Amino acid sequence: MAEKILGIDLGTTNSEVAIYENGAVTIIEGPDGKLLPSYVGLDDHDNLLVGGPAMNQFVVYPERTIKSIKRLMGQASPVPLGDRSYLPQEISAMILRHLKNIAETYLGHSVGKAVITVPAFFSDGQRQATREAGQMAGLDVVKIINEPTAATLVYESSHKGAKKVLVYDLGGGTFDVSVVELQDDVIEVIASHGNNHLGGDDFDALIEKVLMAKLQEDNFTDIPLQAKARIRRAAENAKKLLSIQPFALVEEEYLLTRDGVPYNFSIELARQQYEELITPLLDETLDAVHLVLRDAGLTASEIDEILLVGGSTRTPLVQERLEREFGMAPRFEVDPDLCVAAGAALQAAMISGEEVRAVLVDVTPYTFGTSAIGDIDGRFTIDKFVPIIKKNTPVPVTRSEVFYTAVDQQEAVEIKVYQGEAENALENIEVGNFLVQGLAKRPSGSEIIAKFALDSNGILQVSAIEKATGLEKSITIDNVMSDLSRDTLAAARDKIRKLFGEKDREGQEPPRPGRDAGNAAEPKTMRNSRRVQAEALIEKARSLFDKAGEDDREDMINLLEIIGQALAEDDEDLLQENMDELSEIIFYLES
Ligand code: AMP
C-alpha cells in the first residue's frame, strides 16, 4: 500500500488536513469539524489551546491568544504568548501538530509526511519558514505547493491540453487572485496579486458597525467585551445567512442590562443593504483581477475558467460581479473552504504514486428559478427568468430570494418554477407552479420570499412566504435533476412555441424580482396582463422623471398620455407600440 502523505492547507483563518483514500479525497474532521480555526492560545492554567477553544477566548484574553500567524511567517521577531515568546513558525507548528494528531486519530497510525500549501506570493523566506514549521511539528514536508495550483488540481486533475484559469481566493483575512496555466499535466501560476488584509473579516466588521450603531441608538455606549464578542459573532452569522437568504434577523437575548432590566438586541438586515456596504471592498478585488490579467498579458476573454476558493466566495455578490466581468459563471462546485486542502491531498497522493481520479461532487446540472416582471434587453416582460439555484451548485442546497407584489391590494401571486438557463422564462422548462392566495392586501412592494430547497435525490421543494404575515404555500417536485427524455423536451419546446404564438395566455401575474424595478398585478387574460404591464410601466416612468432631461420628460409625458388613451379605448396595438417606445426610454434612463 502506498505511504499516506497528508495534504495540509495552513490558512490565515482556518486550516484543514486531507488525505486521498479509496479513490477520493477525505477532509478529516477534528473536534472543531473540518475547519480548524488557525488560533493558538493558553488557558487559565497555561495549557496549550489550538483551534476553536483558542478562538473562543480571543476577545476576552487577546494577550494569551494568537490569530493570523500566517501573516507573520518569515519574520524573525518572536510573538508573545503568555509570559514566553515564540517564532511565527513555532506557532504554525502547533497548528500543524494538531492537524497531524487529528489525521493520526482518524487513520489509526502515525503519519510522517505532508504536502503544505502556501499563497503564490510567498517569498522563499516564507516558504522556508513553512517548511520549518512542518519539521517542528514532526512532519517531513515533501512539497510546498501554491494554493491556486492546489485548487486548480482539484478541478482539473485529469485535464489534457492547454487552459488558462483564474483562481479568485477570498478567505477570512486575505485575498489572492492568480492566473494559472495548464499544459497537460503541468500547472503553473503565471501571475498573482492580492491583499493580505482584505477578506470576510472586513465584511463582518461592516455589519458589526451597523449592529453597534443600533446599540448606540438604543443609548448603550459603554459596551462590555463579552457583549462585543457576541455582536461580532452575530455579525458573521448574519453575513453567512445573507449568502442564502434575502434577510437576516439578528437576535441576541439578554445582551446587556439597563438598571437591572435585561435588554434583548434585535435588528433585521437586508441583503441589499449588506451588498451596498461591501461593494467598495469587492471593487478592490476586481482592481486586483485586472492587474493580474495585465501581468499575465491576457484579456478577460482569454480566461477559460474561473475557480472560486475561500469561504467568502459564497457571497452571491462575489459570484455576480465576476460573472458580469467575465461573461461566464465562476465554478464553485467544490467547497471553497476545503478546495485547497483537497488539492494538497491530490498532490500528496500523486507523490506517493497513486493513480488519482477527479474529485467528484454532487451538483445540480440545471439552474432552477422563477419568473418575474423585469426587462430583457430593455424590453419590458412579465416572463423574466430569475435563477435561484444555479447549475453546478453542490446539493443539498437551499436558497431564497425576495420578490415584491406589483400593485396595491394584491391578493394572490403565482409562482412558476422553471428549469433552464434562458433569460426568457418561457424558453426554459416549467417544472411546476402554484398560486398563493389570501395575501394581506397591502400596498405594492410587499415582500414575498421564494425559497427553493433541492436535495441530492432531485427533489425540489419550493415555498413562497408572505413576509409580513408568514402566510406560506409550497409544492414539492420530484425528479427535477433526472435527464428529461427527448419526448418531454420536444413537448416542452412545442408548448413554448405555442405560448409565443398565442395571443391569449392564461395565468396570474408573476411578482417582480428584488433587484429589478417594475410593477404589475394579477391578470386573468392576456388583455388584463397588458393593462397591468402598462400600469407598471407608467409607474416606473413616473419614478424616473427626476432622472430624465427636459426633452425626454416631454416625450415620456406624451407617451403616457397616448398609453392612457390606448387603455381607455382598449386599443392593444396603440398600447403596445407606445409601451415599446416608453420601455426604450426607461432602459436608456436606467443604464
Ligand atoms: P477561509 O479563510 O477560506 O476559511 O474563509 C473564511 C471566511 O469565509 C470567513 O470570513 C467566513 O465568515 C467566510 N464564510 C464562510 N461561510 C460563508 C458564507 N456562507 N457566506 C459568506 N462568507 C462565508
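You'll find the structure just up there.
If you're wondering where the values come from, they're calculated on a predicted model, not measured in any experiment.

(A) Structural view of the side chain of Asp 337. Within the element layout of this structure, Asp 337 appears in the loop between α8 (316-326) and α9 (339-351). Looking at Asp 337, the relative accessible area reads 19%, which means it is buried. Reaching out from Asp 337, the side chain makes a polar contact with the backbone nitrogen of Gly 311 at a distance of 3.2 Å. A polar atom in the side chain of Asp 337 sits 2.9 Å from the side chain of Arg 314.

(B) Examining the packing of aromatic side chains more closely. Considering all chains together, one arrives at six aromatic pairs under this definition. Both rings, one in Phe 220 and one in Tyr 263, keep their centres 4.4 Å apart while their planes meet at 55°; by these two values the pair is tilted. You can see Phe 220 sitting in the loop between α5 (200-217) and α6 (225-242) and its partner Tyr 263 sitting in strand β16 (residues 261-270), a full 43 residues away along the chain. Side by side, Phe 220 and Tyr 263 carry an identical accessibility label, which is buried. Here Phe 385 and Tyr 418 contribute two aromatic rings whose centre-to-centre distance is 6.4 Å and whose plane-to-plane angle is 85°, an arrangement assigned as edge-to-face. Within this pair, whereas Phe 385 is found in strand β19 (residues 379-389), its partner Tyr 418 is found in strand β21 (residues 412-419), the two being separated by 33 residues in sequence. A single burial state applies to Phe 385 and to Tyr 418, both of which are buried.

(C) Representation of the packing of α5 against α6 in the model. Closest axis-to-axis distance for the α5/α6 pair is 8 Å, and the angle between their directions is 120°. As the angle between them shows, α5 and α6 are arranged oblique. Like other packed secondary-structure pairs, α5 and α6 cross with a definite hand, here right-handed. Packed against α5, whose contacting residues are Gly 200, Phe 203, Asp 204, Ile 207, Glu 208, Leu 211, Met 212 and Leu 215, the element α6 presents Lys 228, Ile 231, Arg 232, Ala 234, Ala 235, Glu 236 and Lys 239 at the interface. For the contact of α5 with α6, the per-class residue count stands at eight nonpolar, one polar and six charged.

(D) How the structure looks around the site of the ligand. Close to the ligand lie 16 residues, the nearest being Asn 14, Glu 236, Lys 239, Ser 243 and Arg 314. The separation between an oxygen atom of the ligand and a polar side-chain atom of Asp 337 is 3.1 Å. When the ligand is considered free in solution it has 500 Å² of accessible area, and contact with the protein chains removes 88% of it. Looking at the shell around the ligand, its residues break down into no nonpolar, ten polar and six charged.

(E) Main features of the nonpolar core. Among the nonpolar cores identified, the biggest contains 50 residues, and Leu 166, Tyr 168, Leu 211, Leu 215, Phe 265, Ile 303 and Phe 326 are the most heavily contacted of them. At ten residues, helix α7 (residues 271-296) tops the list of elements feeding residues into this core. Setting aside chain neighbours within four positions, we find Ile 303 in contact with Lys 164, Leu 166, Val 179, Leu 293, Leu 298, Phe 326 and Met 328. Core analysis: the next-biggest nonpolar cluster, separate from the first, contains 36 residues, Ile 19, Leu 42, Tyr 86 and Ile 116 among them.

(F) Broad picture of the sheet that holds β19. As summarised here, the arrangement of the four strands in space is β19-β18-β21-β22, forming an open sheet in which the pairing is antiparallel. Across the chains shown, the open sheet's two edge strands, defined by having one partner strand only, are β19 and β22 (429-437). Across the sheet, the axes of successive neighbouring strands diverge by a mean angle of 40°, strand direction being ignored. The pairing of β21 with β22 spans eight bridges and is antiparallel. Following the sheet pairing, Gln 419 is matched in β22 by Ile 429.

(G) Just α9, in detail. With 13 residues, α9 extends 19 Å between its outermost C-alpha atoms, agreeing within 8% with the 18 Å of an ideal straight helix rising 1.5 Å per residue. For α9, the buried fraction is high: eleven of the 13 residues fall into the buried class. Positive backbone phi, at 85°, marks Gly 353, one or two positions downstream of α9.

Analysis parameters
Residues numbered from 1 in each chain as written. Predicted model: local features only at pLDDT ≥ 70, side-chain atom pairs only at ≥ 80, totals over all residues. Heavy atoms only, no water. Helix = DSSP H or I, 4+ residues; strand = E, 2+ residues; numbered from the N terminus. Buried < 20%, exposed > 50% of the residue type's maximum accessible area, 1.4 Å probe, protein only. Polar contact = N/O pair within 3.5 Å; in protein donor to acceptor, adjacent residues only side chain to side chain. Phe/Tyr/Trp six-rings, centres within 6.5 Å; stacked < 30°, edge-to-face > 60°. Axes fitted to C-alpha atoms, helices over the stretch in contact; angles between N-to-C directions. Parallel < 35°, antiparallel > 145°, perpendicular 65-115°, else oblique. Left-handed = near helix turned anticlockwise from the far one by under 90°. Contact = heavy atoms within 4.5 Å. Nonpolar A, V, L, I, M, F, W, Y, C, P; charged D, E, K, R; others polar. Near = heavy atom within 4 Å. Areas by Shrake-Rupley, 256 points an atom, 1.4 Å probe, with all protein chains shown as cover. Core = buried A, V, L, I, M, F, W, Y, C linked by side-chain atoms within 4.5 Å. Pairing = 2+ DSSP bridges. Expected span 1.5 Å × (residues − 1).

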